[in-house]
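Tertiary structure, described
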Amino acid sequence: MQKDMPKVITRFAPSPTGFLHIGGARTALYNWLYARRHNGQFLLRIEDTDRKRSTDEAVAAILAGMSWLGLDCDGEAVSQYAQAERHKEVALKLLADGKAYRCYATSEELAELRSKARDEGKPFLGDVWRDKEPDAETAKRPYAIRIKMPREGEVTINDEVQGNVTVQNKELDDMILLRSDGTPTYMLAVVVDDHDMGVTHVIRGDDHLNNAFRQYQVYAAMGWSVPVFAHIPLIHGPDGKKLSKRHGALGVEEYAEMGFVPEAMRNYLLRLGWSHGDDEIISTQQAIEWFNLENVGRGPARFDFDKLDNLNAHYMRTMNSETILSLVKNELEIYTGDKLAEIEIQRLLAAMPSIAERAKRLPDVVEAASLYCNTRPLKLTEKASATLSGNGPMLVELAEKLLSVSSWKSDQIKEAIISYATAKELKLGKVMQPIRAALTGGLPSGDLTDLLEILGQQESYDRLLDQANT
RNA sequence: GGUCCCUUCGUCUAGUGGCCUAGGACGCUGCCCUUUCACGGCGGAAACACGGGUUCGAGUCCCGUAGGGAUCACCA
């Protein structure tokens, strides 16, 4: 970085009209990564100028989602609505400078003009009052303030993701800056806030690319420097359709509830639309070192649960036992209906690496972990019942045999089982399978003798006898 | 409909004119490991949307076509 380059300042600016959805989460992540990469600042601004649709719950959900994802912002979240006076001041300045004008058109008139323009295949400019003075009567009516867009020339934005994009100025509508009730619109507010907050890089969804050209004119009219733009493609559902609320767009807290861990989510979101050669597993630390805008893809990407699952499984395998246990403890206690006893915790800690290796999501861990809790008698799966069928007498013999093992260690246990199988001239599998079924009820588990060791001699004995009559 | 954007295996992607017989990952699948389920290892099937150019040479550059997407509010 050159020493006189301005410090990088990025921002995430969601509107609080719902949860933090997956696309927003990725936008936030990219902004955060970019700021961290360049030792800059990552700001959060709540775009709440639409008073009717903004809610405190949504603000809370967004904050919670970001904190779950581990995206810390610099400074407090800023409310856009709180800056309304400042926005108004800018609109009035533009009006005074002759770069904006009063518009007395009613929404009915506008709607009619709009549909007419569309029918004629022409852009709707909204400029009926652009060069018109109101008569005495009209001047008493409420008016909105619209920007006076240039009608000549073109503007090229060098988007960091989309490349050079050019739009003819005559396509730009005289958008409203200040509504007739005196409140600022988003188009005005974003520009003023981004400028006031010193935002240097605007990284946001592709759906704003068109807006960039309109906003550019506000910067120009105020004589402000234009930030770097980077419009990242949207995320689509697994079927290729746009994600909407009724179509797979879930809030991040729902992914948390489904049992995904933040590390996996970050990695997944990072790779969805961005790449670093063939690298797939990328730690957050590594991502901060590598992230750039050039390698963001240009096309929309589909959301794929299988890949997220794979990443989630990977990150769970790399976590230590205490961490995973703390993540599932509550759910596990609800699942078994009981507080975890010390002996159960000890068993779980010992078994956790083996449990995590087999799980894709946290609920899988809960289920597998329940094996190590005192939940006798176990419920059997159909397959387990079939395995156990007719083996009652053998289970009794095995239970007694195991009770005589003097040192309850995996290898000793294995020895005992092998000696039993040898004496009975049975294949090892014929003995192991029923034991496993009796101990687990059919749930997946790791090495059988490890399982026996962790469960303890008495619990193992009891579980074998539980199934002796089947 | 106007404007703008996009298009490599089913999915995420590598690829910046010769290293491409197109690579990796997920998913699918064969084999190995194994007391189950996993993990892991070794394989397999699977893509440059189409048509024209430019070039000695194109997945890579240009132009069309088709398909997809975004946007066109006194919402953000």
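Remember, it's a predicted structure, so these values are computed and weren't measured experimentally. (Residues numbered from 1 in each chain as written. Chains lettered and ligands numbered in written order. Predicted model: local features only at pLDDT ≥ 70, side-chain atom pairs only at ≥ 80, totals over all residues. Heavy atoms only, no water.)

This part takes up the sheet that holds strand S5 (residues 144-147). With antiparallel pairing, 3 strands are arranged side by side in an open sheet as S4-S5-S8. For this open sheet the edge positions go to strand S4 (100-103) and strand S8 (176-178), each flanked by a neighbour on one side alone. With strand direction ignored, the average angle separating the axes of adjacent strands in the sheet is 45°. Relative to S8, S5 is paired through 2 bridges, and the arrangement is antiparallel. In the sheet register, Ile145 faces S8, and the bridge partner there is Leu178. (Pairing = 2+ DSSP bridges. Helix = DSSP H or I, 4+ residues; strand = E, 2+ residues; numbered from the N terminus. Axes fitted to C-alpha atoms, helices over the stretch in contact; angles between N-to-C directions.)

We now examine the protein's contact with RNA strand B. What surrounds RNA strand B is a group of 57 residues, the closest being Arg114, Arg179, Glu357, Arg358 and Asp447. Sugar and phosphate atoms represent 64% of those atoms of RNA strand B found within 4 Å of the protein. The separation between a sugar or linking oxygen of RNA strand B and a polar side-chain atom of Gln433 is 2.9 Å. With respect to RNA strand B, the backbone of Ser445 contributes an N or O atom lying 2.8 Å from a base nitrogen. Secondary-structure elements contributing two or more residues to the surface near RNA strand B are helix H4 (107-119), strand S7 (163-168), helix H5 (186-196), helix H6 (209-222), strand S12 (301-302), helix H10 (305-318) and helix H17 (428-440). (Near = heavy atom within 4 Å. Polar contact = N/O pair within 3.5 Å; in protein donor to acceptor, adjacent residues only side chain to side chain.)

Take the pairing of strand S6 (residues 154-159) next. Of the two faces of S6, the one lined by Val155, Ile157 and Asp159 is fully buried and the one lined by Glu154, Thr156 and Asn158 carries no buried residue. Where S6 lies against S7, 6 bridges are found, and the strand directions are antiparallel. Its bridge partner lying in S7, Asp159 is registered against Gly163. The hairpin formed by S6 and S7 contains 3 residues between the paired strands. (Buried < 20%, exposed > 50% of the residue type's maximum accessible area, 1.4 Å probe, protein only.)

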